[in-house]
Amino acid sequence: MKYEEERPLNLTDEQQKEIVRQYELLLTDPLTKREHDDKEYTSRNPFQRDYSRILYSPSFRRLQGKMQIVGIKSSSFFRNRLTHSLEVSQIATSIARLLSISCDIKYFKGEKNRMYVDDMHLIEAAALAHDIGHPAFGHKGERVLNELDKLNNIHFEGNAHNFRILRKLEKKEPKISGLNLTYRTLLAINKYIVCEGQGIKKFMFKDDYDSLQKIRKEIEGLDNNRTLDVQIIELSDDIAYAVHDLEDGLMLRNFTIDEILFGLQKKSPDSYNQFLDIVEKVKEYSLEEKVKNIQEYSKIFRMRLTSQLTHNFINDITISEVNFKEAEIHGTSSGVMELSLEKYKSLLSNLKDVVFECTTRRNEVYLYELRGEIVLKNLYYIYTELNTNEDGKLMPPYYRPGTKYKDIKKDDKNGINDYFKELSQNAIDYIAGMMDAFAIEEFERLTSKKFNDINIQDLEEINRKLEDRNQKEKK
């Protein structure tokens, strides 16, 4: 199978003009500024600095121990959050370069590749950071942490927690919190321009929302609109999610190609036919190779399928109007123009859903996530016990409350409530940063129970303990 030579996207003049317009909004001076003073910094490219700060942060390194959609095993080499982020970075830079090829010649007067040349580090930085706030045990971990302290109106969501890590929890300089990234980098991971609230699934914490809204309003055309950068990142994330989790699932024999085709046929005949056509071409290519055995054929087939799907998706990029449902989810307005796929949009969405369904149906994944829920809830319960974990001493110093429990426990109820809310938020922040393996180790150390010996009926017990404590707090 021979790939087509890299060529410009099939964009109309109006579409090219809109992409260029959105790109030029990003070249304004305020977006290179940082939240905190940067006068003492060297003249290095600001986005290269952002990239380095994210790459060397402990939160980024911990992604190697956080599950994607299958559990973490030291003896296996399927993907985790860190490898996923690296792959998103590769796809995102390919998309940025392709947009440059497609728009530069006409709109930048022959200047070669003006788009995303001096700011390609920005795309790489945002890709590395786009999942930095996701907790252990995958999407199950997100849901569990979001349920833990509704009494104090504390929410949790992985995308929202990205900003809490980058703006508050990481530490680069002694006088300020966070990594002090440029506003453009922060906007490049801002998928959802939605403030937190009860019942909202995808959101930002209020402080982060207000901060980014302030900078948006300074730049005409960015108010309640997502940047071209984040559109690239989200599209790359979707492609990596669908394609690479498909490859892992086939390698681990969680499902077969026929099962994927069956799932796609149930969702959409068009998606089924498109995927079948790609599969047949990949089979032809794989059979042409001089393969020695079934295992070698299987490997070639998986890798070629991954490459071909990625190639097809990237070269199908267009820019089109956002529909009402998409606008509501992302906090934008329906009718605005954003990057999308043209021919393969439904296939990408349906493939993501089918791969996720085929992977999570396995009882091993369900059991791993169920035990993970018990681990997270027990850790939270222990860390927020006012007497057992007095002054947060079971957590690292930087996660401990700013006041001493003994100084306020005889105080009025408001003082105790404020102390508990701070302790609870710190506990959630600490737990959210844990790798799967570290969360399990902490659970085993604090409870003397082994992860693989957890009785799943223990979930009922920890839920009851948390509910009983909530009822006492209400009184």
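Residues numbered from 1 in each chain as written. Predicted model: local features only at pLDDT ≥ 70, side-chain atom pairs only at ≥ 80, totals over all residues. Heavy atoms only, no water.

Peer 1: Teacher, can you tell me more about the packing of helix 6 (residues 138-147) against helix 16 (residues 363-383) here?
Peer 2: Packed helices, taken two at a time, are described by the angle between their axes plus the distance between the axes. Interhelical geometry of helix 6 versus helix 16 gives an angle of 30 degrees and a closest axis separation of 10 Å. For the pair helix 6 and helix 16, the crossing hand works out as right-handed. Each of Lys140, Gly141, Val144 and Glu147 in helix 6 lies in contact with helix 16, whose residues at this interface are Glu369, Glu373, Leu376 and Lys377. Residue classes in the contact of helix 6 with helix 16 are distributed as two nonpolar, one polar and five charged. (Axes fitted to C-alpha atoms, helices over the stretch in contact; angles between N-to-C directions. Helix = DSSP H or I, 4+ residues; strand = E, 2+ residues; numbered from the N terminus. Left-handed = near helix turned anticlockwise from the far one by under 90°. Contact = heavy atoms within 4.5 Å. Nonpolar A, V, L, I, M, F, W, Y, C, P; charged D, E, K, R; others polar.)

Peer 1: Which parts of the structure should I look at to understand unusual backbone geometry?
Peer 2: Apart from glycine, the bulk of residues carry a negative phi angle, and the bulk of peptide bonds sit in the trans form. Positive phi, normally seen in glycine, also occurs at Asn224, with a value near 60 degrees. Positive phi, close to 60 degrees, is recorded for Ser448, a residue that is not glycine. Among the structural elements, Ser448 can be located in the loop between helix 19 (436-447) and helix 20 (458-474).

Peer 1: Explain the packing of aromatic side chains here, please?
Peer 2: Centre distance and the angle of the planes are the two values used to describe a pair of aromatic rings. Here the structure, examined in full by the defined rule, presents 11 aromatic pairs. A connected cluster of aromatic rings, assembled from ring pairs, spans Tyr383, Tyr398, Tyr399 and Tyr430. Over the ring of Tyr241 we find Lys352; its NZ or CZ atom is 5.4 Å from the centre of that ring. (Phe/Tyr/Trp six-rings, centres within 6.5 Å; stacked < 30°, edge-to-face > 60°. Lys NZ or Arg CZ within 6 Å of the ring centre and 35° of its normal.)

Peer 1: How do you make sense of empty space enclosed by the protein when you look at a structure like this?
Peer 2: The method is simple in principle: a probe with the dimensions of a water molecule rolls over the atoms, and the space it marks as empty is what remains. Overall, the coordinates contain three cavities of 30 Å³ or more when judged by the stated rule. Quantified by volume, the largest cavity comes out at close to 50 Å³. A breakdown of the residues in the lining of the largest cavity according to their chemical character gives three nonpolar, four polar and two charged. (1 Å grid on protein atoms, 1.4 Å probe; cavity = no way out; pocket = protein on both sides within 12 Å on 5 of 7 lines; lining within 4 Å. Points joined across faces, edges and corners; volume = space filled by probe spheres on them.)

Peer 1: I tried to follow the pattern of salt bridges on my own but got confused; where do I start?
Peer 2: Overall, the coordinates contain 35 salt bridges when judged by the stated rule. The closest approach of N and O atoms between Arg167 and Glu35, which form a salt bridge, is 2.5 Å. Residue Arg167 is located in helix 7 (residues 158-169), and its partner Glu35 is located in the loop between helix 1 (13-25) and helix 2 (46-55); the two are separated by 132 residues in the primary sequence. You can call Glu35 partly exposed: its relative accessible area is 31%. Measuring nitrogen to oxygen at the nearest pair gives 2.8 Å for the salt bridge that ties Asp429 to Arg164. Taken together, the residues Asp429 in helix 18 (residues 413-432) and Arg164 in helix 7 connect sequence positions 265 residues apart. Side by side, Asp429 and Arg164 carry an identical accessibility label, which is buried. Connected via shared salt-bridge partners are Glu35, Arg167, Lys168, Asp207 and Asp208. (Salt bridge = Lys/Arg side-chain N within 4 Å of Asp/Glu carboxyl O. Buried < 20%, exposed > 50% of the residue type's maximum accessible area, 1.4 Å probe, protein only.)

Peer 1: Help me out: how do you make sense of the packing of helix 12 (residues 269-288) against helix 15 (residues 345-360) in this one?
Peer 2: Running from N to C, helix 12 and helix 15 point in directions that differ by 85 degrees, and their axes come no closer than 9 Å. By the criterion of interaxial angle, the relationship of helix 12 to helix 15 is roughly perpendicular. Residue-level contacts link Ser271, Gln274, Phe275 and Ile278 of helix 12 to Ser346, Leu347, Asn350 and Leu351 of helix 15. Here the residues of the contact of helix 12 with helix 15 sort into four nonpolar, four polar and no charged. (Parallel < 35°, antiparallel > 145°, perpendicular 65-115°, else oblique.)

Peer 1: When you look at helix 10 (residues 228-251) in this model, what are you seeing that I'm missing?
Peer 2: Residues lying three or four places apart along an α-helix face the same way, a consequence of the helix completing one turn every 3.6 residues. For helix 10, which comprises 24 residues, the first-to-last C-alpha distance of 34 Å matches the rise-based estimate of 34 Å (1.5 Å per residue) to within 8%. The buried fraction of helix 10 amounts to 22 of the 24 residues, a majority that puts the element mostly inside the structure. Phi for Arg253, located one or two positions after helix 10, is positive at around 60 degrees. (Expected span 1.5 Å × (residues − 1).)

Peer 1: I would appreciate a short explanation of the nonpolar core in the present structure.
Peer 2: It is characteristic of soluble globular proteins that their nonpolar side chains tend to be buried jointly. Of all hydrophobic cores here, the largest spans 85 residues; its most connected members are Tyr116, Ile260, Phe275 and Leu305. Residue contributions to this core peak at 10 residues, all from helix 10. Within the second largest apolar cluster, 39 residues are counted, among which are Phe137, Leu379, Tyr399 and Ala432. (Core = buried A, V, L, I, M, F, W, Y, C linked by side-chain atoms within 4.5 Å.)

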